[in-house]
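# Chains, contacts and geometry: an overview
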Amino acid sequence: MAADQTVVPPSLSAKVVGSFAYLTIRDRMPTILTKVIDTIHRNKNTFFEEYGEEGIEAEKNAIGLLSKLRNELQTDKPVVELKDDLKDSEAWNQYLQRQQKLQGDQECVSWFSSPWLYVECYMYRRIHEALLLNPPISEYDVFNEGKTQSFFDSQQAVMDLCTYLEGIRKNAKELFQNQLFEHFSTLLQVSLWGNKCDLSISAGEDNSQKSSPIESLSSLHPFILVDDTNAVWATLTSARRQEKLGKTKVDRVDIVLDNAGFELVTDLVFADFLVSSGLVRQIHFHGKSLPWFVSDVTANDLQWIVRQAMAANHRWLSKCGVQWQTYLKQGVWRYHDHPFWTQPHEFCDMASDAPDLYASLQEADLVLFKGDLNYRKLTGDRDWEHVVDFNTALRGFGPAPLCSLRTLKANVQVGLQPGQAEKLTSRDPSWMTNGKYAVIQFHNPTPED
């Protein structure tokens with residue numbers, strides 16, 4: 001059935017008592033807010049040392065706003081307009097008006113009555129607002145401590161990964177196509193499972209990678225519910241074939257990032273492999289323009305990881321860091337942080353609400369979407385039947401061939417085989433939310449004849 005003929009199911013929300021959305025809003029989101037308040041309070045002396053009494057006053061006011069936000073959430077108060085002067089404030093307030101029209105006059109837009117995707121994104125935007133309204137601490141990243149600790153706690157896994165990459169580099173010119181594919185598949189899966197290290201799902205608790213990411217793959221493979229690795233590989237290699245035939249190809253892969261820390265390292269190692277193997281000429285990374293969902297990547301996080309790698313007392317990790325810095329300086333790697341990524345829109349709205357971003361993604365040969373939040377936005381975070389095609393759930397979104405690399409931490413999943421979800425439910429009732437399962441799910445909006 002064509003996307004425009006499909007009956008679109010309702011958005012997931014906390015209206016259903018006991019649902020994952022309900023438990024997230026009732027329990028996990030207030031916990032995250034409490035940790036944010038605690039983090040700001042613990043840094044009171046730092047603010048005083050840097051800014052004097054002005055820093056103390058800003059800390060006190062920010063905590064007041066965040067405590068008020070937590071109370072609004074827990075008592076299901078109406079969602080209110082943003083008051084800061086960041087460029088995206090107007091778009092957020094217009095989105096609130098859009099939600100109110102959808103819900104009608106009978107019901108206000110509130111935390112438990114509105115789409116989960118919207119109010120969860122809104123909470124993080126309000127956290128940022130509490131800081132924006134209180135200079136001089138307006139640029140403070142309340143999630144920075146957890147992100148940096150995640151990297152340090154995963155040091156051995158990071159070194160193992162860089163050592164593996166060096167082994168590929170040494171023999172790159174001698175690799176046959178099937179060997180290249182094996183390395184591609186391995187590092188794609190490492191990037192996929194790196195998504196398990198998500199601090200928003202653990203409400204900020206330690207979720208680092210302790211074991212070797214390469215050695216773990218064989219035991220994890222049975223938990224990949226949809227594996228379109230071959231289709232992703234075919235997309236990359238067909239781009240190379242077309243270039244040899246004299247057709248113009250950008251030969252560019254875009255990676256829409258998710259978490260900082262160990263997951264970001266897995267993405268950088270995969271991107272390095274794509275470039276150093278000659279599979280891809282250029283990588284465009286897309287991150288967040290403000291601290292988001294506890295552990296999401298910002299420009300500062302990317303720069304920090306590269307600096308840490310360069311300074312590491314480990315030969316191959318340090319070599320990777322130097323190489324990554326070179327890629328960034330030469331423009332082989334590029335980083336973007338469009339405000340659309342920190343707004344609550346479903347991606348099917350991108351072409352109309354962020355046409356410049358959509359046009360940029362159209363220049364890619366392949367777009368990789370990392371993680372759970374991106375999957376929720378790809379599918380609209382709606383109550384789809386599990387057997388609905390991925391293409392249908394995308395509802396027309398398709399700027400380029402795209403692939404979702406996601407470990408399941410929210411109760412939306414499409415593209416499964418008949419009976420697959422039922423078997424999973426009988427075996428593991430929390431399969432959609434416990435992070436044990438994953439997908440490598442591909443869609444090509446213009447498949448070749």
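Residues numbered from 1 in each chain as written. Predicted model: local features only at pLDDT ≥ 70, side-chain atom pairs only at ≥ 80, totals over all residues. Heavy atoms only, no water.

## Observations regarding the nonpolar core
Rules: By convention a nonpolar core is built from buried Ala, Val, Leu, Ile, Met, Phe, Trp, Tyr and Cys residues, the set being connected through side-chain atoms within 4.5 Å. The classification of residues rests on relative accessible area computed with a 1.4 Å probe and restricted to protein chains. Under 20% of the type maximum is buried, over 50% is exposed, and intermediate values are partly exposed. In this analysis, two residues are considered to be in contact whenever any of their non-hydrogen atoms come within 4.5 Å of each other.
The biggest cluster of nonpolar side chains holds 82 residues, and the ones touching the most others in it are W111, M123, I127, M350 and F397. Dropping the residues within four chain positions of it, M350 is found in contact with F340, W341, P355, L357, Y358, L361 and F397. By size, the runner-up hydrophobic cluster in this structure holds 62 residues, among which are L187, L188, V265 and W333.

## A look at the packing of aromatic side chains
Worth spelling out the cut-off: Aromatic rings from Phe, Tyr and Trp, taking only the six-membered ring of Trp, are treated as a pair when their centres fall within 6.5 Å; an angle between ring planes under 30 degrees marks them as stacked, one over 60 as edge-to-face, and anything in between as tilted.
Counted under the stated rule, the structure contains 31 aromatic pairs. Relative to F152, the ring of F151 lies with its centre 5.7 Å away and its plane at 65°, an arrangement referred to as edge-to-face. A relative accessible area of 2% places F151 in the buried class. On the accessibility criterion, F152 (39% relative accessible area) is partly exposed. Three or more aromatic residues joined by ring pairs form one cluster here, namely F340, W341, F347, Y358, F369 and F397.

## A word on the packing of helix 1 (residues 20–42) against helix 3 (residues 53–74)
Using the following cut-off: Every axis corresponds to a line fitted to the C-alpha atoms, with the helix fit spanning only the stretch in contact, and the corresponding angles, defined between N-to-C directions, vary from 0 to 180 degrees. Strands are runs of DSSP state E lasting at least two residues, helices are runs of H or I lasting at least four, and both sets are numbered from the N terminus onward. What sets the label is the angle itself: under 35 degrees gives roughly parallel, over 145 gives roughly antiparallel, 65 to 115 gives roughly perpendicular, and the rest give oblique. Charged means Asp, Glu, Lys or Arg here, nonpolar means Ala, Val, Leu, Ile, Met, Phe, Trp, Tyr, Cys or Pro, and polar covers whatever is left, Gly included.
For the pair helix 1 and helix 3, the least separation of the axes is 10 Å and the interaxial angle reads 170°. Classified by the interaxial angle, the pair formed by helix 1 and helix 3 is roughly antiparallel. Of helix 3, the residues touching helix 1 (which contributes I25, M29, P30, L33, T34, V36, I37, I40 and H41) are E59, I63, L66, S67, L69, R70, L73 and Q74. Classifying every residue of the contact of helix 1 with helix 3 by side-chain character gives 11 nonpolar, four polar and two charged.

## Some points on unusual backbone geometry
For the peptide bond that leads from P135 to P136, omega is 15°, which places it in the cis range. Mapped onto the secondary structure, P136 falls in the loop between helix 5 (116–132) and helix 6 (144–153). Unusually for a residue other than glycine, D76 sits at a positive phi of about 55°. Within the secondary structure, D76 is located in the loop between helix 3 and helix 4 (89–103).

## Focus on the pattern of salt bridges
The test is simple: By convention in these notes, a salt bridge is any Lys or Arg side-chain nitrogen within 4 Å of a carboxyl oxygen on Asp or Glu.
Tallying each qualifying case throughout the model produces 26 salt bridges. Note that R98 and D353 form a salt bridge whose closest N and O atoms lie 3.2 Å from each other. Of this pair, R98 sits in helix 4 while D353 sits in helix 14 (residues 350–353); the two residues are 255 residues apart in sequence, bridging distant segments of the chain. Classification of R98 by relative accessible area gives partly exposed; the value is 34%. What you see here is one network of salt bridges that share partners, running through K68, E72, R126 and E129.

## Remarks on the pairing of strand 3 (residues 282–286)
The criterion, for reference: Two strands make a pair as long as DSSP finds a minimum of two bridges between them.
Among the five residues in strand 3, five count as buried, and that is most of the element. On strand 3, burial covers both faces: Q282, H284 and H286 on one face and I283 and F285 on the other are all buried. Bridge count between strand 2 (residues 252–256) and strand 3: five bridges; the pairing is parallel. What sits directly across from I255, in strand 3, is F285.

## With respect to the environment of T379
Keep this limit in mind: Polar contacts here mean pairs of N or O atoms no more than 3.5 Å apart (in protein, one a potential hydrogen donor and the other a potential acceptor; neighbouring residues in sequence count only if both atoms are side-chain atoms).
By the secondary structure assignment, T379 is in the loop between helix 16 (371–378) and helix 17 (390–394). The exposure class assigned to T379 is buried, which follows from its relative accessible area of 1%. The contacts of T379, once residues within four sequence positions are left out, are W384, F390, A393, V412 and V414. Polar side-chain contacts of T379 include one of 3.5 Å to the backbone oxygen of R376.

## Some remarks on the sheet that holds strand 4 (residues 333–336)
Taken in spatial order, the seven strands make up an open sheet running 1-7-6-5-2-3-4, and their pairing is mixed. The open sheet is flanked by strand 1 (224–227) and strand 4, the only strands paired with a single partner. The average undirected angle you get between the axes of adjacent strands in this sheet is 15°.

None of this, on its own, says anything about what the molecule does.
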